[in-house]
Amino acid sequence: MNQTQRLFAACAFALLLTMPLQAQRGGRGGNGNANAGEIRGRIVTSPDNKALSFATVRLYSASDSVMQGGASSGEDGSFTLERVPFGDYYLTIKFIGFSSKRVDGVVVGPRARRVDLGDILLDADQMMTESVVVEARKHNVEYKIDRKVINVDNDLAASSGTAVDVLENVPSVQVDIDGNVSLRGNTGFIVMIDGRPSVLDANDALKQIPASSIENIEIITNPSARYDPDGTVGILNIVLKKQAGKGNSSLFSLDVGQYDRLGGSALYNVQNESFNMFFSADYSSGSRPGTELNRRETYVEDLTTFLASEGDGERSRETWGLRAGIESSISAGDKLNFQAEVGGRGHESDNNLQFTEYSSIDPTETVYSSTQSHARKGMHYSSTLDYTRTFDSPRHTLTASLDYQRREGDEDSKDEMFDIDGTRIFASAHTEDGPSERLRSSLDYVLPFSESHKLETGYQGRYGLSEDVTQSFGYDVDASDFFREDEYSYTTEYVRNIHALYAMYGGEYGDLGYQAGLRLEYTDRSVETQDGADVFTIDRWDLFPSLHFSYNLGDNLQGILSYSRRIERPRSWYLEPFTTRTDAFNYRRGNPELEPQYSDSYELGLMKHIGRTSLSLEVFHRRNENEFERVRTLLDDTLNIFLNTIDNVGDDAATGFEAMADMKLFDFWGVSLSTSVFQFDIEKYVNGRTEKHDSFNWTGRIKNDIDLGENTSFELTLNFDSPSATSQGEREGNFVTNAALRQMFFDKSLTAILQVRDLFDTANEESTAVGNGFYSYSLEERAAPVVSLTLRYNLNNFRQKREGGGDDGDDF
C-alpha cells in the first residue's frame, strides 16, 4: 500500500470515528437547536400502498415559498427533514411517472417538534396511464445509489436459458462464444444470489441459474465495505423471484429448442402472518455444435514451423437444482431464516480436428487427426441459517449468519492422435478430483443515530479447505495401453482463511447523501503437496476503503460519486506447484508464488428523468495492480510444444464512460440505447521483456420493445462489441442480433415466448497472440441461429416482490 493509500485509509477511519459524534450532536430531530424540529413521512403509491424509493421531497416556507430544504425517500419510502426551524411550511413530492403532490399546513413548533405526516399517497401520472393500458412497465435499467438494477421481465429474449442469456443484453456486460461473462472487459467479478456468495465459481453459477427464476440482476461496480472485496470489477447479485403477498402461489416454466435444448422450473410459495416458505426446482440441458480453425507459427533462428488445425466439435451441458427455505418470526423482535440447496452440473466437449504440419526447410506436409474429449461434473450443497434481532426501531438490528457450502468436482479429459492411415500415434488422459468446503460466519450490527444517519459494523469470517487429486496418463503405443505418469500426477491441499472487520457510517444532509467505509482483512493461506515437500504460505493484512456520495440536483437530476479498493485472489488451480500435460502440444503449470491483484475504482454518475425518458451517464476509471493472466511460452521448439502458465504480468487501466437512454418513441414503441466506451492501456512484463498495448474499446446495444396488442409484444436487440487488446495480442469484435415474440393467454396466466438468438450467425470468437518465438491465430464459430420456445404458467396470481436482494439495497 503506497503513501497516498495509507493517508486515504487514515482519513476514512478518522471520518468513521467522528461521524457518530456529529450525528449525536445534531441528528436527533434538532436536539442541537432549541428552536428546531423535524418532519418525517412515508411515500407510497396509490392504490396499492407500495413504498416509493428515491422520490424527491422539497420543504418550502408557507409565507414566501422559499425552499428551506429537501430529501429523498429511502428504500422503504420513508424520509426525514432534520433541524427544521419553527414555522409554517408546505411540502412538494415528485417522482417520475406519478403526479406531483403538495402537502399544506405543516407546522413545526414547541408543541410539535416532531411532525409525522404518515403515508403520503402518489397517484400514477395520467399521461402514463393513458399510454400503458395493461400495466406500467419499469425501465429496463434502474439506477440506485450504489448499483444498477436490470429488470429481467422487460427482456423477452432473456426469458429462457440461464443467467448468461440474460446478461447478453445487459449494458456493461460482454458474453463470449463459450458463455463466459466479463464486466467492462474484465472477468474479475463475484456472483451473489440474493445477497450471498454462490457456492460455484462465477461463470459456473451464471450457467446454472435458470432465467425464468430471476427477478432482476444488480450490477454493483463499487461495493461498500460491507461486502467481500473480492472481484476487481465488482459484484453481480442475482435476485430470485419471491411471492409478495400472503397465500399460496406457484410459477412454472418449460423451455424447449434446437440442439437438444430442454429446461424447466417450478416455484411454490406459501406465506402468512407467522412464516414464509418456498420450494423451487429447475433443470436445464442442451448442446451447441460448432467449428474451429487454428494457425500457429514458431520461429527458431532461420527455421519456421507451421501447424494448422481445423475441425468441428460440440459442447453440451446439463444442470439441475433444488432449493427450499423458511422464514419465521419467533417473537415480535426475533426472526429466523433457513435455506438449503442441492444441485448437480455436468459439462462436456468433444472435438475432431485435422492437423497439417510443415516447415520452411521442409515444405512436405505431415497430416494427422485428433479426437479430444473433456467432461466436468459434480454435486454442490449449501445451507444457511440467519438470526435477526430488531431492537427499539426497525432499522436498529443485529444479524448473525452461518453459511456452509460444499462443492464436488470430477474432471476427465482425453486426447488421441492418428496418422493418415488411422493408426493411433499418441494419446494422453488426465483426471482431476477435488471436493472443496467453505464455512462462512458473520455478525452485522446496524445502529441508527437518526432517520437519516446510521452506523454499520461487523465481523465476517471465511474458512476454506479443498483437495485436488491430479493424475496424468501417457500411452504406450507398443502395448496399446495407458500408463500413469508419476511426474505429472500430484495431490495438493489448499487452505484459506479470511477474517474481516468493517465499519461504515452514512447519512444525509439536505440534498447530499454520503457513506464512508473501511474494511480490514487478514488472510491465512497455504498450498501443500501430498508429500509435504512443497509448502507455500501467505499471511497478509489488507485495508479496503470505500466512499459514496450522492447529490440531488433538483428537477429529477441526481449525481453519484464513488470509490472502492478491491482484490482478485488467485483460484486454486492457478497455484498448482507442478506441471500437467493437457494434450500433445500443450502443458499447464500453476504458480504458487502468484500475488493477488488489486484494483482502485472511481466512478461519477448523473441520472436524469424527462417525462417518460430516463437518461444516465457514468464516467469511470479503474486501475489494476499485479494483474495476473495466462501466459504462453514455447517449451520445445523442435516438437512445437507450448507451456501455459499464469503470472503477475504488470498493470492495466481502463478509463471511459457509459451512457444510456431509455425512452418511449411512441405509445407502442419503447427504445433502450446504451454504450460503453473506454481506453484500455496495458503495461506488462512478459517472457523477460516489457510490453505495452492499448486499445480503444466500445460496446453498444439497441433494444426495441414494440407492443402489437394488449397481450402481444415483440423485441429486437442488437449488440455490438469492438476489438480489444490482450496481454499477448488482440481479440476481434463481433455483432449479434436477438429477436423474441411474446403472447399472453387466459388473463395473462399463460405466457408463450418464441425467440431467435444470433439471428444472422455473427457471434464468432476470433483472436491472435504474439510472443517470444511464436504467433497464433484462432477462430471459433457456433451453430446459429438458435430457436427456442418458452411457456410460463402463473398459478394463483403469483405476484413478485420488487425489492433488492439479500440486503436492503440502501447503502446510504
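Reading the values: the criteria
- Residues numbered from 1 in each chain as written.
- Predicted model: local features only at pLDDT ≥ 70, side-chain atom pairs only at ≥ 80, totals over all residues.
- Heavy atoms only, no water.
- Patch = residues over 30% accessible without salt bridge, like charges linked within 9 Å, V, L, I, M, F, W, Y side chains within 5 Å.
- Areas by Shrake-Rupley, 256 points an atom, 1.4 Å probe, with all protein chains shown as cover.
- Salt bridge = Lys/Arg side-chain N within 4 Å of Asp/Glu carboxyl O.
- Lys, Arg positive; Asp, Glu negative; His and termini not counted.
- Charge placed at Lys NZ, Arg CZ, Asp CG, Glu CD.
- Helix = DSSP H or I, 4+ residues; strand = E, 2+ residues; numbered from the N terminus.
- Buried < 20%, exposed > 50% of the residue type's maximum accessible area, 1.4 Å probe, protein only.
- Core = buried A, V, L, I, M, F, W, Y, C linked by side-chain atoms within 4.5 Å.
- Contact = heavy atoms within 4.5 Å.
- pLDDT = per-residue confidence, 0-100.
- Pairing = 2+ DSSP bridges.
- Phe/Tyr/Trp six-rings, centres within 6.5 Å; stacked < 30°, edge-to-face > 60°.

Undergrad: In this structure, what is going on with a negative patch on the surface? I would like to understand it.
TA: There is a patch of like negative charges on the surface, built from Asp260, Glu314, Glu318, Glu348 and Asp350. At the level of elements, β19 (303–329) and β20 (334–359) are the ones that each hand at least two residues to the negative patch. Looking at where glutamate 318 falls in the secondary structure, it is placed in strand β19. For glutamate 318, a relative accessible area of 42% gives the class partly exposed.

Undergrad: Even after reading the chapter, I still don't get the nonpolar core, so can you show me in this structure?
TA: Generally speaking, a soluble globular protein has its nonpolar side chains buried in company with each other. If you look at the biggest cluster of nonpolar residues, it comprises 29 residues, and the most contacted ones within it are Leu167, Phe189, Leu206, Ile214, Ile217 and Ile238. Secondary-structure elements contributing two or more residues to this core are α3 (163–167), β11 (181–183), β12 (190–193), α4 (202–208), β14 (214–220) and β15 (235–240). It is α3 that contributes the most residues to this core, four residues altogether. With residues up to four places along the chain from it excluded, the contact list for isoleucine 238 reads Val191, Met192, Ile193, Asp194, Leu206, Ile209, Ile214, Asn216 and Ile217. One finds Leu81, Ile93, Phe98 and Val115 within the second-largest nonpolar core, a separate group that totals 20 residues.

Undergrad: Would you explain the pattern of salt bridges in this entry?
TA: Two side chains bearing opposite charge may form a pair once their charged atoms approach each other closely. Within the structure shown, the criterion is met by 35 salt bridges. Two residues, glutamate 456 and lysine 454, come together in a salt bridge whose shortest N-O distance is 3.7 Å. Considered together, glutamate 456 and lysine 454 belong to a single accessibility category, that of buried residues. A salt bridge links aspartate 721 to arginine 731; the shortest N-O distance between them is 3.5 Å. Note that aspartate 721 is positioned in strand β39 (residues 712–721) and arginine 731 in strand β41 (residues 729–731), a separation of 10 residues in sequence. In the salt-bridge network here, residues are joined through shared partners; they are Asp228, Asp230, Arg440, Arg462, Arg519, Glu521 and Arg569.

Undergrad: Mind showing me how you'd approach the confidence of the model for the protein chain here?
TA: A low pLDDT means the predicted coordinates there should not be read in detail. Across the protein chain, the average pLDDT comes to 83, with 88% of residues at 70 or higher. Mean pLDDT per element in the protein chain: helix α2 (residues 126–131) is the minimum at 38, and strand β22 (residues 397–407) is the maximum at 95. Throughout residues 126–136 the model reports pLDDT below 50, and contacts reaching past four residues in sequence, or to other chains, amount to 11 contacts. This model gives residues 799–812 a pLDDT under 50, and the stretch forms 56 contacts once residues within four places in sequence are excluded.

Undergrad: Sorry, what's going on with the pairing of β12 here?
TA: If a strand is regular, its side chains alternate between the two faces of the sheet. Judged by which residues are buried, β12 turns out to be covered on both faces: Ile190 and Met192 on one side and Val191 and Ile193 on the other are all buried. Of the strand pairs in this sheet, β12 and β15 are connected by four bridges, and their pairing is parallel. Looking at the pairing, isoleucine 190 lines up with isoleucine 235 of β15. Where β12 folds back on strand β13 (residues 196–197), the antiparallel hairpin that results is connected by two residues, among which aspartate 194 adopts a positive phi of roughly 55 degrees.

Undergrad: I'm lost on the environment of tyrosine 368 in this one. Help?
TA: Tracing the backbone shows tyrosine 368 in strand β21 (residues 366–390). The spacing of tyrosine 368 and glutamate 357 is 11 residues in sequence and 8.7 Å in space, taken between C-alpha atoms.

Undergrad: How should I be thinking about the packing of aromatic side chains in this particular structure?
TA: Working definition: an aromatic ring pair is given by the centre-to-centre distance plus the angle between the planes. Here the structure, examined in full by the defined rule, presents 18 aromatic pairs. Measuring from centroid to centroid gives 5.2 Å for tyrosine 60 and tyrosine 90, while their planes differ by 15 degrees, and the two rings are stacked. Residue tyrosine 60 is located in strand β2 (residues 56–61), and its partner tyrosine 90 is located in strand β5 (residues 87–94); the two are separated by 30 residues in the primary sequence. Since its relative accessible area comes to 18%, tyrosine 60 is described here as buried. Plain terms: the ring middles of phenylalanine 355 and tyrosine 368 are 5.4 Å apart, the flat faces sit at 15 degrees to each other, and that makes the pair stacked. Separated by 13 residues along the polypeptide, phenylalanine 355 in strand β20 and tyrosine 368 in strand β21 bring together distant segments of the chain. Across the pair, tyrosine 368 and phenylalanine 355 agree in class, each one buried. By the ring-pair criterion, three or more aromatic residues cluster together here, those being Phe449, Tyr505, Tyr509 and Tyr514.

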